[in-house]
There are 2 protein chains.
Amino acid sequence: MTKNKLKLGIFGFGCVGTGLYKVLEEAGSVEANIKKICIKHADKPRPIDKKYFTTDKDELLKDPEINVIVELIDDADAAFEIVSEAMKNGKSVVSANKKMIAERLPELLDLEKKYQVSFLYEASVCASIPIIRNLEEYYDNDLLTSVSGIFNGSTNFILTKMIDENISYPIVLKEAQEKGFAETDPTLDVEGIDPKYKLCIILFHAFGLITRPEDIFNFGISRINDFDLRFAQQRNFAIKLIAKCNKNGNEITGFCAPTFIEKEDPLAHVKYEYNGVVLESAFSENQLMIGKGAGDKPTGSAVLSDISALTYDYKYENKKYSHVDKNLKLVNHGEYKVYVRYSDEFPAFDDFISIEEKYISPNGNYFIGRISLDKLANSSWIKNKDINVIFSC
Amino acid sequence: MTKNKLKLGIFGFGCVGTGLYKVLEEAGSVEANIKKICIKHADKPRPIDKKYFTTDKDELLKDPEINVIVELIDDADAAFEIVSEAMKNGKSVVSANKKMIAERLPELLDLEKKYQVSFLYEASVCASIPIIRNLEEYYDNDLLTSVSGIFNGSTNFILTKMIDENISYPIVLKEAQEKGFAETDPTLDVEGIDPKYKLCIILFHAFGLITRPEDIFNFGISRINDFDLRFAQQRNFAIKLIAKCNKNGNEITGFCAPTFIEKEDPLAHVKYEYNGVVLESAFSENQLMIGKGAGDKPTGSAVLSDISALTYDYKYENKKYSHVDKNLKLVNHGEYKVYVRYSDEFPAFDDFISIEEKYISPNGNYFIGRISLDKLANSSWIKNKDINVIFSC
């Protein structure tokens with residue numbers, strides 16, 4: 001088997017890019033050299049030789065010697081322009097941009113096919129956990145029934161601190177921001193949007209389904225208060241921001257929401273910035289993969305594995321998508337058990353199929369009931385910031 | 001990509017074979033049908049149609065229509081005969097026989113190459129955990145530094161019961177045997193030989209090294225007594241039978257031995273018949289994969305994934321072996337910290353590089369010291385059944 005020698009053009013040189021540079025120097029077996037790195041701010045101090053840097057993207061995209069573009073920038077629209085231009089110019093692409101991939105997968109697949117290049121993005125989902133590759137290569141039959149887990153390191157850090165160290169949400173969020181675990185605008189993470197993007201990518205590789213992120217319900221962790229934490233502690237639950245998809249015949253359900261997890265559940269032991277993915281199949285019972293879900297090295301290692309795979313001309317074969325049952329569809333009529341905490345009157349008990357528990361006190365009120373995902377997602381009361389919802393597993 | 005249609009000939013029809021039969025009926029996407037099953041006892045009652053069964057192995061091995069042999073028998077020598085005959089006849093092989101693979105890997109690789117067939121054996125290591133495929137496909141560069149973990153479900157079941165439920169070894173062993181978790185002759189499991197076979201297979205796919213099982217140190221769990229359990233409990237340790245290999249430059253070390261694990265270590269939460277594999281690399285930090293390590297369904301699922309891969313002509317590429325540094329070698333001069341419990345006089349303190357703790361009492365004595373693996377493996381006192389050794393992590 002012959003190996004390709006790769007010349008890389010990298011977009012973005014934050015911590016992942018820096019880490020990637022270092023490891024490429026160390027990893028003798030991965031025959032890939034960085035030729036050029038495109039950055040936004042030419043005058044920022046950089047840890048490596050100035051000769052690598054440019055602010056002109058065409059120096060990478062139009063260089064015939066560069067055969068792989070590694071896209072490591074934040075902005076999803078700018079990333080899409082770079083990635084599509086690269087593929088049009090016959091270059092393979094490695095990307096970590098989950099937002100771009102989740103939102104524009106059909107276009108990206110078309111480009112990949114039309115220009116016969118390879119487009120890999122292991123780092124976009126759960127950083128160092130090789131979930132996409134496993135879905136592609138190992139769980140490549142129709143026996144998989146569910147993929148779920150903790151897909152976001154920042155919120156898992158926050159929730160671990162809240163539950164284990166009993167610190168309130170605003171204080172932990174501030175600490176996470178100071179430590180660089182959470183963005184200055186944490187919305188994508190704490191509202192469950194980032195893990196939802198990852199779920200969309202997983203849906204494609206697990207079941208061959210292309211979905212629009214806006215069609216999947218997400219609910220965040222920003223409303224969790226001390227009352228909710230006490231409830232969790234009393235029942236010996238952890239709270240995790242869980243993204244989950246299930247396949248039942250032709251029907252797929254998916255959501256991302258804070259969820260009570262029993263302390264015996266292996267996911268309860270996935271703490272701080274770690275991620276965990278649970279794979280259920282008709283036959284193999286539960287599999288759990290745990291690894292760091294964020295950070296320079298874990299993300300860099302996933303990028304490096306994609307680069308390494310390109311030296312062997314690896315491509316996702318998207319087998320499930322090629323053989324997908326055309327009737328396969330996303331549905332929201334699944335029933336879920338949820339905990340609802342509210343302050344005054346709860347306006348819509350009728351939305352619930354059944355109510356199992358009800359608690360009223362001067363400190364707060366909650367009930368536990370069953371509701372269809374559809375009804376929950378489209379309710380008006382869920383927009384009320386004084387109402388919190390946590391799923392029950 | 002065209003898919004092959006497979007006709008399977010299966011050797012052995014215990015619980016794994018039965019499970020495989022069931023799931024093949026269910027899994028529409030895996031185009032493989034069982035043609036014949038070779039069994040030892042023709043008169044045993046079977047859950048499926050008699051027409052499948054034969055006691056004549058040539059009915060499978062000489063049938064030109066059968067293109068894949070699935071080998072699921074216990075006896076390693078008989079398995080080798082079947083597997084080599086199958087490859088000679090141009091048939092690909094799926095096997096779960098770790099003893100055969102660990103002991104005869106070079107011959108098996110030669111046969112695979114000479115007859116241009118595929119030989120897959122994911123089920124031989126940690127059943128449902130796709131560790132071989134991940135080592136082959138994802139950790140395919142030289143950045144991996146260590147693979148370790150709990151590779152044996154029976155002993156993990158026994159140790160979990162001993163530590164969590166405070167039951168003595170002989171009583172738990174009896175229960176495990178009654179439940180079918182441990183063999184009537186449990187030697188291969190409880191003396192750490194079975195996980196050592198798996199470690200040999202991992203060494204090949206992780207680092208490209210071929211080793212003889214007898215060159216790797218193994219020590220079992222059968223000597224662990226109540227004194228050792230109390231020690232573990234006092235220090236809040238779990239005890240796990242850990243197999244581990246490390247790469248440092250051109251030197252590989254490997255062993256399999258009971259090991260104290262801190263309760264915060266994720267492996268401490270891998271309980272009962274579950275297995276856990278920890279992968280360390282220069283760059284991705286620790287990865288952990290957890291899944292059931294034994295049983296009909298978990299093992300059957302790994303066999304099925306190999307069969308499914310054969311429909312796409314998958315082969316292990318053994319990249320690390322092809323590119324292996326010829327100076328790579330197994331060494332035993334690594335230093336380890338071990339706990340040694342003894343009853344009377346300990347005869348060989350001089351074997352130790354240093355002694356860190358020493359405890360003497362009417363109930364038993366122990367010390368904790370550092371020793372080279374070489375010295376430990378070749379000592380005469382380690383054969384004394386009144387002396388127990390547990391590694392410290």
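For the structure, see preceding data.
To keep things clear, this report deals only with the structure shown in the data block. Just so it is clear, the structure is predicted and the values come from calculations on it, not from any experiment.

Cut-off values and rules
- Residues numbered from 1 in each chain as written.
- Chains lettered and ligands numbered in written order.
- Predicted model: local features only at pLDDT ≥ 70, side-chain atom pairs only at ≥ 80, totals over all residues.
- Heavy atoms only, no water.
- Buried < 20%, exposed > 50% of the residue type's maximum accessible area, 1.4 Å probe, protein only.
- Helix = DSSP H or I, 4+ residues; strand = E, 2+ residues; numbered from the N terminus.
- Pairing = 2+ DSSP bridges.
- Salt bridge = Lys/Arg side-chain N within 4 Å of Asp/Glu carboxyl O.
- Least-squares fit on C-alpha atoms with pLDDT ≥ 70 in both.
- Contact = heavy atoms within 4.5 Å.

Of all the six residues making up strand E12 (residues 287-292) of chain A, six are buried; the element is thus mostly covered by neighbouring parts of the structure. Looking at chain direction, strand E11 (residues 274-281) of chain A and E12(A) are connected through six bridges and run antiparallel. What sits directly across from A:Leu279, in E12(A), is A:Gln287. Hairpin connection between E11(A) and E12(A): a loop of five residues separates the two successive antiparallel strands, and A:Glu285 in this loop has a positive phi of roughly 60°. Sheet topology places E12(A) next to strand E12 (residues 287-292) of chain B; five bridges connect them, and they run antiparallel. If you follow A:Leu288 over to E12(B), its bridge partner there is B:Ile290.

Scanning the entire structure with this criterion turns up 48 salt bridges over all chains. Residue A:Asp306 pairs with A:Arg133 through a salt bridge whose shortest N-O separation is 3.7 Å. Placement of A:Asp306 in helix H11 (residues 296-310) and of A:Arg133 in helix H5 (residues 131-137) is noted, with a sequence separation of 173 residues between them. No difference in accessibility class separates A:Asp306 from A:Arg133, as the two residues are buried. One salt bridge in this structure joins B:Glu317 and B:Lys319, with 3.9 Å as the shortest N-O distance.

Let us look at the relation of the copies chain B and chain A. Structural alignment of chain B on chain A gives an RMSD of 0.0 Å, achieved by rotating through 180° and translating 0.0 Å along the axis. In symmetry terms, the pair is related by a two-fold rotation axis. Closest approach to the rotation axis within chain B is made by the C-alpha atom of B:Met289, at a distance of 2.2 Å. With an isologous cut-off of 70% or more, the 100% of interface residues of chain B that recur at the interface of chain A puts this contact in the isologous class.

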